[in-house]
Structure formats: C-alpha cells, structure tokens
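# Architecture at a glance
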Amino acid sequence: MSDTTRLRIAIQKSGRLSDDSISLLKAIGVKLQIRDRLLIAHSTNEPIDLLRVRDDDIPGLVMDGVVDLGFIGENELEEKMLERAAANKPSDFKTLRRLDYGGCRLSIAVPNELDYQGVQSLEGKKVATTYPYLLERFFAEKGVNAQAVMLTGSVEVAPRAGVADAICDLVSTGATLEANGLHEEDVIFSSKAVLIQKSGELSADKQAMINRFLPRIDGVMQAKE
Ligand code: PRT
Ligand code: ZN
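In this report, we go over the structure that sits alongside the text. Small disclaimer: the values here were computed from a predicted structure and weren't measured.

### Some remarks on the coordination of the zinc ion (ligand 2)
D55 (OD) and D56 (OD) make up the full set of protein donors to the zinc ion (ligand 2), lying at 2.0 Å. Around the zinc ion (ligand 2) sit four donor atoms; with metal-centred angles ranging over 75 to 174°, the donor geometry is irregular. According to the relative accessible area criterion, D55 is buried, its value standing at 17%.

### Quick word on the pattern of salt bridges
Evaluated as defined, the whole model comprises 13 salt bridges. A salt bridge links D49 to R6; the shortest N-O distance between them is 2.9 Å. Within this pair, whereas D49 is found in strand β4 (residues 48–53), its partner R6 is found in the segment before β1 (7–12), the two being separated by 43 residues in sequence.

### Let's talk about empty space enclosed by the protein
What the rule picks out here adds up to one cavity of 30 Å³ or more. Put simply, the largest cavity is a space of about 70 Å³. Elements supplying a minimum of two residues to the lining of the largest cavity: β5 (69–73) and α6 (204–224). For the lining of the largest cavity, the class distribution of residues is 11 nonpolar, no polar and no charged.

### Things to note about the side chain of R6
One polar contact links R6 to D49, side chain to side chain, over a distance of 2.9 Å. Apart from the residues within four sequence positions on either side, R6 is in contact with H42, S43, E46, P47, I48, D49, D68 and K206.

### Description of the packing of helix α3 (residues 74–86) against helix α4 (residues 132–142)
For the pair α3 and α4, the least separation of the axes is 8 Å and the interaxial angle reads 80°. Classed by the angle they form, the pair α3 and α4 counts as roughly perpendicular. Of α4, the residues touching α3 (which contributes N75, E78, E79, L82, E83 and A86) are P132, Y133, L134 and R137. By residue class, the composition of the contact of α3 with α4 is five nonpolar, one polar and four charged.

### Some remarks on the sheet that holds strand β2 (residues 32–33)
Taken in spatial order, the seven strands line up as β2-β3-β4-β1-β5-β12-β6 in an open sheet, and their pairing is mixed. The outermost strands of the open sheet, each flanked by one partner alone, are β2 and β6 (93–98). For β1 and β5, the ladder comprises two bridges, and the chain directions are parallel. Among the inter-strand pairings, A10 is bridged to a residue of β5, identified as G70. Most of the contacts of α6 go to β6, to which it runs at about 30°, and overall it touches β1, β4, β5, β6 and β12 (193–198).

### A look at the site of ligand 1
R54, N75, T173, G174 and T176 are the nearest of the 21 residues found near ligand 1. Here an oxygen atom of ligand 1 sits 2.7 Å away from a polar atom, N or O, in the side chain of R54. At 2.7 Å, a backbone N or O of G174 approaches an oxygen atom of ligand 1. Across the complex, the protein chains shield 79% of the 830 Å² of accessible surface that ligand 1 would expose by itself. Judged by the fraction of its atoms near the pocket grid, ligand 1 is located in the largest pocket. Going through the elements one at a time, β10 (166–171) and α5 (175–179) are the ones with two or more residues in the shell around ligand 1. If you tally residues by element for the shell around ligand 1, the top one is β10, at three residues.

### Some points on the layout of surface pockets
By volume, the largest pocket is sized at about 1000 Å³. Lining the largest pocket are 39 residues, with R16, D55, Y131, D169 and L170 positioned closest to its centre. If you tally residues by element for the lining of the largest pocket, the top one is α3, at five residues. Looking at the lining of the largest pocket residue by residue, the classes come out as 12 nonpolar, 16 polar and 11 charged.

Calculation criteria
Residues numbered from 1 in each chain as written. Chains lettered and ligands numbered in written order. Predicted model: local features only at pLDDT ≥ 70, side-chain atom pairs only at ≥ 80, totals over all residues. Heavy atoms only, no water. Donors = N, O, S within 2.8 Å, 3.2 Å for Na, K, Ca; no water. Tetrahedral: all angles 85-135°; square planar, octahedral: opposite > 155°, others 65-115°. Buried < 20%, exposed > 50% of the residue type's maximum accessible area, 1.4 Å probe, protein only. Salt bridge = Lys/Arg side-chain N within 4 Å of Asp/Glu carboxyl O. Helix = DSSP H or I, 4+ residues; strand = E, 2+ residues; numbered from the N terminus. 1 Å grid on protein atoms, 1.4 Å probe; cavity = no way out; pocket = protein on both sides within 12 Å on 5 of 7 lines; lining within 4 Å. Points joined across faces, edges and corners; volume = space filled by probe spheres on them. Nonpolar A, V, L, I, M, F, W, Y, C, P; charged D, E, K, R; others polar. Polar contact = N/O pair within 3.5 Å; in protein donor to acceptor, adjacent residues only side chain to side chain. Contact = heavy atoms within 4.5 Å. Axes fitted to C-alpha atoms, helices over the stretch in contact; angles between N-to-C directions. Parallel < 35°, antiparallel > 145°, perpendicular 65-115°, else oblique. Pairing = 2+ DSSP bridges. Near = heavy atom within 4 Å. Areas by Shrake-Rupley, 256 points an atom, 1.4 Å probe, with all protein chains shown as cover. Sits in = over half its atoms within 2 Å of the grid points.

What follows is the structure, encoded as structure tokens:
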C-alpha cells in the first residue's frame, strides 16, 4: 500500500456487501485478482488496490484519508459519523453514488407478546442493538428514556435471553425476526450501499480515473432497472 499513485478502495472482506461491490467493480471494467485470505488485492488492468476489511472499519479509513474510496452501507456510515461526533472527531467525506444493493432498514422489533403502543412503550426499557448511536438519536428525538444495550452479534436472541426487552436491528426480509418470535414496529433508518470518497483533492490522475468510472456505474445500475 505504499504506492500512493494507485487508487485505494476499501471494501468489505466477506459479508453481505462483498460480492455486489466486487461485481460492480468488474462490471465497470476493473479486473481483479482476489486471493481469499489476503487483505490487499490488486487490479490487473488499472492502478487500483483493494483493501479488504470489516465493514465497520471502512468509514474511518475514508474519513481519516487512509483510502481514497470505500463501499459501505449507509447504516454503518451514519453510525460511525455519530460515534466520531461524540468523540469530537471530524467525519469528512463525499458521497459519490447511492448504489442499488445492500438495501435494508434499521428497525425496532419487539417480542410478539409485548403490548407495544408506539415507541413510548419502551420508556424505562432496554433495547439491544449494534447501532447504539442511531438508536439513542431516535430515542432523543422521540423524548423516550430507554437504554440502548450494545451487542455486536445475536441481537435477535436478546429478548429471549432476558438481556433486553426489545431490539433494534437490520431487517431485509423479516425472516430472522419471525424465527425469533419478534416483529418489526418502527423503521428508524433506511439504508443502501454507497460509494464514498475521502475529502480533499486527489491527484489529477486518480480523480480522472474516478470521473471515468462514475458514468459506467450509472450505466450498470440503469441496465439493471
Ligand atoms: O464482518 P463484518 O463486520 O464485515 O460484517 P457484518 O457482519 O458487520 O455485516 P454484514 O455482512 O452482515 O452486513 C453488511 C451490511 O449489509 C450491513 O451493514 C447493511 O448495510 C447491509 N445489509 C443488508 C444487511 C442486511 N441487509 C441484513 N439483512 N446487514 C445485515 N442483515 C442481517 C440482520 O442483522 C439480521 O441478522 O440479516 C438478518 C436479517 O435479515 P432478514 O432477511 O431475515 O430480515
Ligand atoms: Zn461489521
């Protein structure tokens, strides 16, 4: 990664955004040689290096200027912006494109037996989530005093485990909620994958390459509509 003339792109190493992000790069003509276990992948036809990391790390890598571009879910991006704001860290970046994959919503879901009359019903209760900043912002907007309990995984089992009264988690089909005796109540954030660029000027060559790719991304998305 020491060659700063090559465009550096952070993408999720393995997860729900990985395949679609790689497919998009390939569709716009970037040939890639990816070895499963390696952190770095190189393009074989463009001066591009991919940094393959956990999605949680991507907003910070872009905002700290370590990489030029990143593919990331808006949910993760917004959560990291709130987290950085709380730590007095800047969150500068530019959103280049909202993409057509990674769609999901961050929702409050409750056990089927809970008498839920709106978010006020969570007053004084515990809500398990991987997105405490987004959830606390929602509670503050609604004037509800509830406690966000941070869990990095298995959020949907928290009510059954007696760890929380309700959850706030990502939902796409709703099957996971249903399998765990929960149902969706309030959508607090709607998300898709986005392509973001670090703030500040890039070299003319790098910016020209990005400007060459953006219309191709639009074309690929239009062709799928
Ligand atoms: O290891 P790493 O940290 O990189 O991955 P991760 O486990 O944090 O993330 P990953 O791969 O699960 O998700 C990456 C991104 O994909 C998320 O940040 C969202 O932007 C997007 N995305 C889209 C989703 C979903 N849909 C989704 N359904 N992320 C997670 N889910 C999970 C959800 O948490 C729940 O467990 O899928 C389950 C619900 O799915 P349904 O279909 O049953 O409703
Ligand atoms: Zn993650």
